[in-house]
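Chains, contacts and geometry: an overview
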Amino acid sequence: MKIAIIGAGISGLTLANLIYLGESNKINFKIFEKNSVIDNEETGIQLLPNATRILNLIGLNKIDSKSFFSPNSINFMDITNGKNISKIDLSNLTSDYSPYFCLKRSTLKKFLLKQLPENSVVFNKKTTSISEKENFKIVNFSDGSFYEADLVIAADGIFSKVREENFFTNKLSFTGSLAFRMIYHCKNNVFNFEKDSINVFLGSSEHTLFYPINKKNEYNVIYILNNKKFNFILKNFKIDKNRFSNIFKKEILNWNRDLRNIIENSKEISCWPILKIKKLNYWFKDNVILLGDAAHAISPHQAQGAAQSIESAYELYKNLDENNLQNGLKLFEKNRKKTICKIQIRSNINKNLFQVSNVFLKNLRNFTFKHLLKNKIFLKWYFNRLIYFKNISL
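A few points on the structure. If you're wondering where the values come from, they're calculated on a predicted model, not measured in any experiment. Along each chain, residues carry numbers from 1 onward, in the same order as the chain's sequence is written. Reporting in this predicted model follows two pLDDT cut-offs: at least 70 for local features of residues, and 80 or more for side-chain atom pairs to be given and counted; totals over whole chains, interfaces and linings ignore these cut-offs and use all residues. The side-chain quantities take in all heavy atoms of the structure and omit both hydrogens and water.

Re the pairing of strand β6 (residues 84-89)
Two strands are said to pair when DSSP picks up at least two bridges between them. Only DSSP runs of H or I with at least four residues qualify as helices, and only runs of E with at least two residues qualify as strands; both kinds are numbered from the N terminus onward. Taken together, the five bridges between strand β5 (residues 73-78) and β6 define a ladder with antiparallel strand orientation. When the sheet's bridge partners are listed, F76 is paired in β6 with S86. Following β5, the chain reverses through five residues before pairing antiparallel with β6; G82 in that reversal takes a positive phi of roughly 75°.

Structure below.
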């Protein structure tokens, strides 16, 4: 069976690694990436055990130990005064086989690319259309070339052109939240909170994450701001950098001094709208299937964006049976839709908890966090399938 994977992102590269390192030699794949190289995106990502257990199947231990960080805890603090609210000890939720990793997105993508055969990824290949000839799908490219495949996997991200042109929908919508991202290089420990942990600062309609992404004293900083007014000033999902930069500068005036110092000494700040894909009726059609963010963009409030792309790649890999492909794809879609729905609900709950504005509800949340986040039974229920799961294999 010949497979064309559109997009060299996390989901596409993970799937290719699973196929390449798996037991089956009956699947031939080729990745087509529109850009000339793997992007050098410095923004950080968190990988919980549900993702690292899969990556361990394809040699996660080969990543340079200086290029990632395993946090000790998740600390919750007040964004205005920096006072501790509560913390989650991660030592009881992870293991050597399924650790909790923080690293740069580009570090993971370059690792996944390096694992693959040299000619398995073709760059500068922008997909223009997908047609059909006899029993094959024909992927047509902007340079006039084409590729014949039995199955086309669209892993081309949230702005998927394959989804738009082949599923006749581009159901993107703005959530009302903006994400401001930056990298902070710590030369001296100029802050009073734990530098070896994930620090979450909770505010009113806002929250900020600060965590290490390697052992080179680099930290990822993400500030998420929610405001219904953004729906009226954000058009076509494009950011007016000057306008939103002024909004950002105004918002941080009320932050605690340590956090403001970090922002003021961080590298260039980027701003992105947080988008979501409205529920799709189906993820595959005529041997074209959506994968990762092309099918399900996860809001970032449970650190599951990259992890769910990795899980989806594994689930699809396990259902790529040439002799029973249609049923396998149906099973993949059914299982993943069910999981994604649960993750999205929990992520939205987190957002509401992180961004409480009402003083009474804020005090109630802080009291609840203080007691529940130390309870092992509650944590087991809360994290559930993100840390407790069955054994898996290639």
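Structure's up, so let's keep going.
A word on the side chain of S11
The residue S11 is located in helix α1 (residues 10-21) in this model. Those residues in contact with S11, other than ones at most four positions away along the chain, are A155, L291, G292, S309 and A313. Contacts: residue pairs with any heavy atoms within 4.5 Å of one another.

Remarks on the sheet that holds strand β16 (residues 218-226)
A sheet is described by the order of its strands in space; here seven strands give the open sequence β6-β5-β14-β15-β16-β13-β17, paired in mixed fashion. Each end of this open sheet is capped by a strand with a single partner; those strands are β6 and β17 (270-277). With strand direction ignored, the average angle separating the axes of adjacent strands in the sheet is 20°. Direction of pairing for strand β14 (residues 198-202) relative to strand β15 (residues 206-212): antiparallel, over a ladder of four bridges. To obtain an axis, a line is fitted to C-alpha atoms, over the contacting stretch when the element is a helix, and the angle between two such axes runs from 0 to 180 degrees between their N-to-C directions.

Topic: the nonpolar core
Here, nonpolar core refers to any group of buried Ala, Val, Leu, Ile, Met, Phe, Trp, Tyr and Cys residues whose side-chain atoms link them within 4.5 Å. Any residue under 20% of the maximum accessible area for its type is buried, any over 50% is exposed, and the rest in between are partly exposed; the area is computed with a 1.4 Å probe on protein chains only. I3, L15, L47, F76, L108 and L320 are the most contacted members of the largest nonpolar core, which has 131 residues in total. The biggest single contributor to this core is strand β13 (residues 172-185), with eight residues. Discounting residues that sit within four places of it in the chain, I3 has contacts with I19, I27, N28, F29, K30, Y147, A149, L151, I153 and L320.

So, the packing of aromatic side chains
Side-chain rings of Phe, Tyr and Trp, where Trp is taken by its six-membered ring, are said to pair if the distance between their centres is within 6.5 Å; with planes under 30 degrees apart they count as stacked, over 60 as edge-to-face, and otherwise as tilted. Tallying each qualifying case throughout the model produces 21 aromatic pairs. The interplanar angle of 45° and the centroid separation of 6.4 Å between the aromatic rings of Y314 and Y317 together place this pair among those described as tilted. Here Y314 and its partner Y317 are both found in helix α8 (residues 305-318), three residues apart, which amounts to about one turn of the helix. Residue Y314 shares its accessibility class with Y317, and that shared class is buried. Each residue in the set Y184, F193, F201, F210 and Y219 is aromatic and connected to the rest through ring pairs, giving one cluster. Taking NZ or CZ as reference, K2 lies 4.6 Å from the ring centre of Y147, over its face. For a lysine, the NZ atom is tested; for an arginine, the CZ atom; a charge sits over a ring if that atom is within 6 Å of the ring centre and within 35 degrees of the ring normal. A cation over an aromatic ring shows up here: K215 above the ring of F68, its NZ or CZ 4.3 Å from the ring centre.

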